[in-house]
Amino acid sequence: MPSNTLQLLEEIQRRYDDTSAQMADPQVARNPSKLRALGREHHRLSAILQAGAQYKSMIRQIEEAKEIIAEESDPELVNLAKSDLESLLTQYEDLEERLQDLLIPPDPNDG
């Protein structure tokens with residue numbers, strides 16, 4: 001699942017960058033309804049990317065904890081890493097659920 005989510009986050013980053021560029025276009029600035037629509041999309045994408053950054057960081061932290069557990073010979077560090085991993089996995093599940101909620105396309109009738 002993470003690779004699909006990470007790929008989707010890359011696509012969202014490209015769309016965010018495109019939306020930012022469009023908002024800076026003077027032609028768009030003269031069209032208030034287009035600017036408003038782009039602003040709403042930009043805001044929604046920004047929230048997704050913020051959660052995505054946390055998601056990527058969480059994946060790295062989980063991988064680091066797993067490496068310590070697999071490679072470390074000091075039992076105290078291994079126990080600490082196991083404890084951290086347990087906490088990280090719980091946080092990861094919550095964050096993944098939040099990110100999935102954010103990825104649901106908005107209803108065009110909202111707003």
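Going along each chain's sequence as written, the residues are numbered from 1 onward. pLDDT decides what is reported in this predicted model: residues at 70 or higher carry local features, side-chain atom pairs at 80 or more are listed and counted, and totals for whole chains, interfaces and linings draw on all residues regardless. Side-chain metrics in this entry use all non-hydrogen atoms of the structure; hydrogen atoms and water are not considered.

1. A closer look at the pattern of salt bridges
Salt bridges are defined by distance alone: a side-chain nitrogen of Lys or Arg within 4 Å of a carboxyl oxygen of Asp or Glu. For the structure shown, the criterion picks out two salt bridges. Here Asp18 and Arg15 are joined by a salt bridge, their closest N and O atoms 2.6 Å apart. Pair noted here: Asp18 and Arg15 are both in helix H1 (residues 2-24), with a separation of three residues, about one helical turn. By relative accessible area, which is 34% here, Asp18 ends up partly exposed. Only protein chains enter the accessibility calculation, which uses a 1.4 Å probe. A residue is then buried if its area is under 20% of the maximum for its type, exposed if over 50%, and partly exposed in between. For Arg15, a relative accessible area of 30% corresponds to the partly exposed category. For the salt bridge of Arg15 with Glu41, the shortest nitrogen-to-oxygen distance reads 2.8 Å. Placement of the pair is Arg15 in helix H1 and Glu41 in helix H3 (residues 32-71), with a sequence separation of 26 residues. Each of Arg15, Asp18 and Glu41 takes part in one network of salt bridges that share partners. In this description a helix means any DSSP run of H or I spanning at least four residues, a strand means any run of E spanning at least two, and both kinds are numbered starting from the N terminus.

2. Regarding the side chain of His42
By the secondary structure assignment, His42 is in helix H3. Nitrogen and oxygen atoms within 3.5 Å of one another constitute a polar contact, given that in protein one can donate a hydrogen and the other can accept it, and given that sequence-neighbouring residues count only through two side-chain atoms. For His42, the side chain forms a polar contact with the side chain of Tyr16, separated by 3.5 Å. Should any heavy atoms of two residues lie within 4.5 Å, those residues are counted as being in contact. Not counting residues up to four positions away in its chain, the partners in contact with His42 are Tyr16, Thr19, Ser20 and Met23.

3. Considering the packing of aromatic side chains
Note on aromatic pairs: the rings of Phe, Tyr and Trp (six-membered ring only in Trp) are paired at centre separations within 6.5 Å, and the planes decide the class, stacked below 30 degrees, edge-to-face beyond 60, tilted for the rest. Going through the model one piece at a time under the given rule, you end up with one aromatic pair. Relative to Tyr92, the ring of Tyr55 has its centre 5.4 Å away and its plane inclined at 20°; by these criteria the two rings are stacked. In this pair, Tyr55 sits in helix H3 while Tyr92 sits in helix H4 (residues 75-103), placing the two residues 37 residues apart along the sequence. Its relative accessible area of 0% is what places Tyr55 among the buried residues. Looking at Tyr92, the relative accessible area reads 12%, which means it is buried.

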